[in-house]
Amino acid sequence: MEEPQEPCVVRTTCPYCGVGCGLLAEVDPGGQAIVRGDPDHPANFGRLCSKGAALAETIGLDGRLLHPEIDGREAGWDEALDLVAARFSETIAEHGPDSVAFYVSGQLLTEDYYVANKLMKGFIGSANIDTNSRLCMASAVAGHRRAFGSDTVPGTYRDLELADLIVLTGSNLAWCHPVLYQRIAEAKEARPQMRVVLIDPRRTMTADIADMHLPIRADGDVALFSGLLAFLAEHDRFDSSYVEAHTTGLDETLTAARTLGLEAIAEGTGLSVESLAAFYRLFADTQKVVTVYSQGVNQSSLGTAKVNAIINCHLATGRIGKPGMGPFSVTGQPNAMGGREVGGLANALAAHMEIENPGHRDLVQRFWRSPVVADRPGLKAVDMFRAVGDGRIKALWIMATNPVDSMPEADLVEEAIRNCPFLVVSDVVRETDTVRHACVKLPAAAWGEKDGTTTNSERRISRQRPFLTAPGAARPDWWIICEVAKCMGFAHAFAYRSAAEIFAEHAALSAFENDGARAFDIGALARVDQQSFDRMQPFQWPQPKGGTPSETRFFSTGGFYTSDRKARILPVCPKPTLRTDAAYPVVLNTGRVRDHWHTMTRTAKSPRLSQHLAEPFAEIHPADARRFGVAEADIVRVSTARSSILVRALLSARQLPGTVFVPMHWTDQFAARARVDTLVPALTDRHSGQPASKHVPVSIERFAAAKFGFAVLRERPRTITAAYWALARCEGGWRLELALAEGDRDSLAFATSLFDTASGVETLSYHDVAAGRHRFACFDGDRLVGALFLASEPVAVSRDWACEQLLSEHTGQRGRMAVIAGRPGFGVVDRGATVCSCFGVGANQIAAAVSEGCMSVEGIGETLGAGTNCGSCRAEIRTIINEHRLQAAE
Ligand SMILES: Nc1nc2c(c(=O)[nH]1)N[C@H]1C(S)=C(S)[C@@H](COP(=O)(O)OP(=O)(O)OC[C@H]3O[C@@H](n4cnc5c(=O)[nH]c(N)nc54)[C@H](O)[C@@H]3O)O[C@H]1N2
Ligand SMILES: Nc1nc2c(c(=O)[nH]1)N[C@H]1C(S)=C(S)[C@@H](COP(=O)(O)OP(=O)(O)OC[C@H]3O[C@@H](n4cnc5c(=O)[nH]c(N)nc54)[C@H](O)[C@@H]3O)O[C@H]1N2
Ligand code: SF4
Ligand SMILES: [Mo]
């Protein structure tokens, strides 16, 4: 398991998604960070996606929280730690352990997570520690535990390459797990007989590799997979010896599933009887099937039922834990899985043990030598913030998550933490919608500076290693937590000197009195010291004492972690809870875009990543747009009774009629009013407590903009007084999309408020009053300070070209007037919206190459370079080629 490192090049792991790609990171002699894919890492074998490839652009210190702050003033660590410990201790002394809480994150490293959980459950004595994984993986965890008796992902990434059929349901793999998508795409190219089915209400970019796309109605999955179980029975596809030996519950489950006829399933899913039958036949006739699922499954009030409906089909056919077969929950965050291992959820203990189990509590307490162990589950995220809101929780510590933007009922969450008597936030960024409310801000070390481990979707534990020094007073999260624990009087149990020592303890606990009773066992690492920790190679669990590293799968021959060692096939109820009505007739679906990560605290630092989709939007089917009087590029208001947001309308036939899609990413830091979670009610799954973030009844209406605008600016504007705005970084400065409401300032006043027109700045302007067009450009010598284009209709100026003007020299009147003209000069091509972030290739360039006869993704790669680095844009390139073909055929 040991291998020497190349000098100066550090082997580490990507801090974004749960694929867990290995990276090679270094700082070149000029001080520039360089990040590449690690060719030897078994998750990616050198591949990267656009986000991983742009990591070096996101590690700058602008916006970093560099020192502890108390009530807005800079403080030393001693003062900050003493205060946090004192306020938590006082609150506990006065109101009991359940009056305090931690809200943590799948973006913590395992070692950070382990000590946070140990402090809360074993020393404070409450289980009020929950994590943003509640919004992400909780339904998968609950489904696994119900079916397998443990939270165990049976398969491996290799299964995705070995399968003959991959069913992707509720997963936009092309954008959210791009390297897994690339691995499947390559496997399919090598073995064209491999089939891919995509089940998603939207025709996402993932459809590019799908042989069949089933545009399922919101929450139709339970009915779909129940129908599949009945079909498999009818066509005699069950593996009766597996079912007999290793499962219980098939008969009842089948009886329940059979109550639904194909017609009713068609009704519940919105799919035709023919396409249902085609999918069922394909599944029935293919032995090697992997069903991959993600947030379209988990984030639902039926999330756990969906997970069990999927697992039922795999158990009944014995297609589990064998090469190329199994249900496969892909994790979102880099360490979602590690958090589950340490028991970071409020209803778990540590090392996959159960809080309700007295034997487990006793074991953990003896191992920790702790005064208490929480003896009942704590509050899950939604309930936790409610308890903050009504004053039951009086001291809250948030680490590595931004709940003011990512929790449902986000305005209530903000209100709750604003009024919380004592709020501590550990973050790497100084100003987020959450950090701004903290009494105490604690500066955490960021990716590149941190040392520890993460576990990816295939149970592979990899090292994150530092290659940069932590700036200012920033410290690793584990250190911060341990120092607070020491100040609270628990020094003996938190005296770790390194992440390696914490990891060794975590490994030892996983093996402690285990003897095969618990799936999670990494006892082989229990004696890891600093040297072997530093050399640790990525490995999959389990890795019990004495084991040698190998590829591991679970359950091919049973061995479940239930009392009788059998899996549970479980009846599921397909009744959707979603109700649209006349006032809120459209289903809002939320999720991710290719080049942004969650609340954009890191990806928004990269100009490259900010160009792909530079403002918040609602994807609307053209028929709905007609129905609601919305035109392309209008601003639309999306509303519930609770709140409303303003976003750009993108008309798209990829959207199912009656639904809109809005990304989760835009916050108050980057847009006027686009926090989509202010619309989402806190409706949760009854087993998992996971909120239904994908299905919200809403209304949409056109926002009557008095003026539309676009601006480029060298400096970030201090205030923007427009009803709609969205800021994004570009090379050389910022780009700003705008819409002014009737009654907002007039054009000139608005332009003046936007630019810092210090003395010496020359302003050119152009006005066509009749047409309602106004343009302003401010120059400082030869350099553009900013340009603003206002019009009565959506501004048609080339964004890409306008951004470039910030970098160009503008000599003479002619050069400056070209900016005011708002378009490239003669002979200069407008590249159009960025498609390939790596090489900055735009849609217009690709379309031009296609018109010149370049009809393949490879051809575009050869001509323009696009798609040849990380490959994340290959599906979009293919779409442009196909659209061109269609147009040519019309
Ligand atoms: N670029 C990027 N990648 C990321 C992230 C990111 O922020 N940006 N975040 C990471 C994290 S933490 C996570 S959890 C993952 C999430 O990864 P995914 O789950 O793949 O991403 P989402 O966009 O949230 O949702 C997936 C799809 O579910 C579909 N869906 C909605 N409702 C239903 C339904 O009822 N049934 C079915 N079958 N489908 C439905 C949506 O239309 C959407 O296309 O991504 C990870 N990777
Ligand atoms: N409507 C809707 N809502 C959703 C979702 C959805 O699909 N739709 N998805 C949900 C899902 S799956 C998820 S995972 C969540 C994600 O939501 P969040 O976790 O709230 O989003 P992030 O932007 O990843 O927040 C991470 C924070 O941690 C900080 N940070 C980064 N690294 C470190 C570190 O090393 N230490 C510390 N202390 N801080 C650090 C970042 O600056 C940032 O402020 O959103 C959920 N909310
Ligand atoms: S797929 Fe992309 S975001 Fe995910 S781990 Fe790999 S490089 Fe990072
Ligand atoms: Mo997630």
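Structure: see above.
How each quantity is defined
- Residues numbered from 1 in each chain as written.
- Chains lettered and ligands numbered in written order.
- Predicted model: local features only at pLDDT ≥ 70, side-chain atom pairs only at ≥ 80, totals over all residues.
- Heavy atoms only, no water.
- Near = heavy atom within 4 Å.
- Helix = DSSP H or I, 4+ residues; strand = E, 2+ residues; numbered from the N terminus.
- Nonpolar A, V, L, I, M, F, W, Y, C, P; charged D, E, K, R; others polar.
- Salt bridge = Lys/Arg side-chain N within 4 Å of Asp/Glu carboxyl O.
- Buried < 20%, exposed > 50% of the residue type's maximum accessible area, 1.4 Å probe, protein only.
- Contact = heavy atoms within 4.5 Å.
- Core = buried A, V, L, I, M, F, W, Y, C linked by side-chain atoms within 4.5 Å.
- Axes fitted to C-alpha atoms, helices over the stretch in contact; angles between N-to-C directions.
- Parallel < 35°, antiparallel > 145°, perpendicular 65-115°, else oblique.
- Left-handed = near helix turned anticlockwise from the far one by under 90°.
- Pairing = 2+ DSSP bridges.
- Polar contact = N/O pair within 3.5 Å; in protein donor to acceptor, adjacent residues only side chain to side chain.
- Areas by Shrake-Rupley, 256 points an atom, 1.4 Å probe, with all protein chains shown as cover.

S.K.: With reference to specific residues and values, describe the site of ligand 3.
M.R.: Around ligand 3, the neighbouring residues are C14, Y16, C17, V19, G20, C21, L48, C49, K51, G52, P178 and V179. Looking at the shell around ligand 3, the elements that each hand over two or more residues are helix 1 (50–53) and helix 7 (178–190). Per-class residue counts for the shell around ligand 3 are 9 nonpolar, 2 polar and 1 charged.

S.K.: Can you break down the pattern of salt bridges residue by residue, with the values?
M.R.: Considering all chains together, one arrives at 62 salt bridges under this definition. Residue R36 pairs with E26 through a salt bridge whose shortest N-O separation is 3.2 Å. Taken together, the residues span a long stretch of sequence, with R36 in strand 3 (residues 33–37) and E26 in strand 2 (residues 22–27) at a distance of 10 residues. Residue class for R36 comes out partly exposed when judged on its relative accessible area of 36%.

S.K.: Describe helix 17 (residues 381–389), and please don't skip the residues or the numbers.
M.R.: Looking at helix 17, one finds that the buried residues are A381, V382, M384, F385, A387 and V388. Here the buried face of helix 17 lies against strand 6 (100–104), strand 7 (129–131), strand 14 (395–399), helix 18 (403–406) and helix 19 (410–418). Once helix 17 ends, the next one or two residues include G391, with phi positive near 90 degrees.

S.K.: With reference to specific residues and values, describe the nonpolar core.
M.R.: In terms of nonpolar packing, the biggest core is built from 152 residues, with F88, F102, F225, F279, L396, W397 and F494 touching the most fellow members. Ranked by the residues each element gives to this core, the list is headed by helix 8 (residues 221–234), at 9 residues. Residues within four places of F102 in sequence aside, it is in contact with F88, A116, L119, M120, I124, N128, I129, D130, M384, W397 and M399. The next biggest cluster of nonpolar side chains, apart from the first, holds 53 residues, and it includes L646, A671, A705 and F708.

S.K.: Give me the packing of helix 3 (residues 110–124) against helix 21 (residues 499–511): which residues, what numbers.
M.R.: Direction vectors running N to C along helix 3 and helix 21 enclose 65 degrees, while the axes themselves pass 9 Å from each other. Looking at the two axes, helix 3 sits roughly perpendicular to helix 21. Note that helix 3 runs across helix 21; the crossing there is left-handed. Facing helix 3, whose interface residues are T110, E111, Y114, V115 and K118, helix 21 presents A499, I502, F503, E505, H506 and L509. Among the residues making up the contact of helix 3 with helix 21, the classes are represented as 6 nonpolar, 2 polar and 3 charged.

S.K.: Give me the pairing of strand 21 (residues 586–591): which residues, what numbers.
M.R.: Summarising burial for strand 21: 6 of the 6 residues are buried, a large majority. Judged by which residues are buried, strand 21 turns out to be covered on both faces: V586, L588 and T590 on one side and V587, N589 and G591 on the other are all buried. Alignment of strand 21 against strand 26 (residues 696–702), held across 3 bridges, turns out to be antiparallel. Paired with L588 across the bridge in strand 26 is V696. Bridge count between strand 21 and strand 25 (residues 659–663): 5 bridges; the pairing is parallel. Opposite N589, over in strand 25, you have F661 as the bridge partner.

S.K.: Got a sec to walk through the site of ligand 2? Specific residues and values, please.
M.R.: In the region of ligand 2, 31 residues are neighbours, and Q107, S406, D427, T599 and D677 sit closest. A distance of 2.7 Å separates an oxygen atom of ligand 2 from a polar atom in the side chain of N132. Between D477 and ligand 2, the recorded distance is 2.8 Å, taken from a side-chain N or O atom to a nitrogen atom. In isolation ligand 2 has 920 Å² of accessible area, and contact with the protein removes 98% of it. For the shell around ligand 2, the per-class residue count stands at 10 nonpolar, 15 polar and 6 charged.

S.K.: Summarise the sheet that holds strand 30 (residues 762–768); cite the residues concerned and give the values.
M.R.: Where strands meet in a sheet, backbone hydrogen bonds hold them as pairs that are either parallel or antiparallel. Reading across from one edge, 28-29-27-32-31-30 is the order of the 6 strands in this open sheet, with antiparallel pairing throughout. Since the sheet does not close on itself, it has two edges, and those belong to strand 28 (724–730) and strand 30, each with one partner. In this sheet, adjacent strand axes meet at a mean angle of 10 degrees when their direction is disregarded. Bridging between strand 28 and strand 29 (residues 733–741) involves 7 bridges; their strand directions are antiparallel. Bridge pairing in strand 29 places Y724 opposite A739. Strand contacts of helix 27 (residues 812–821): strand 30, strand 31 (773–780) and strand 32 (783–791), with the helix running at about 45 degrees to strand 30, the strand carrying the most contacts.

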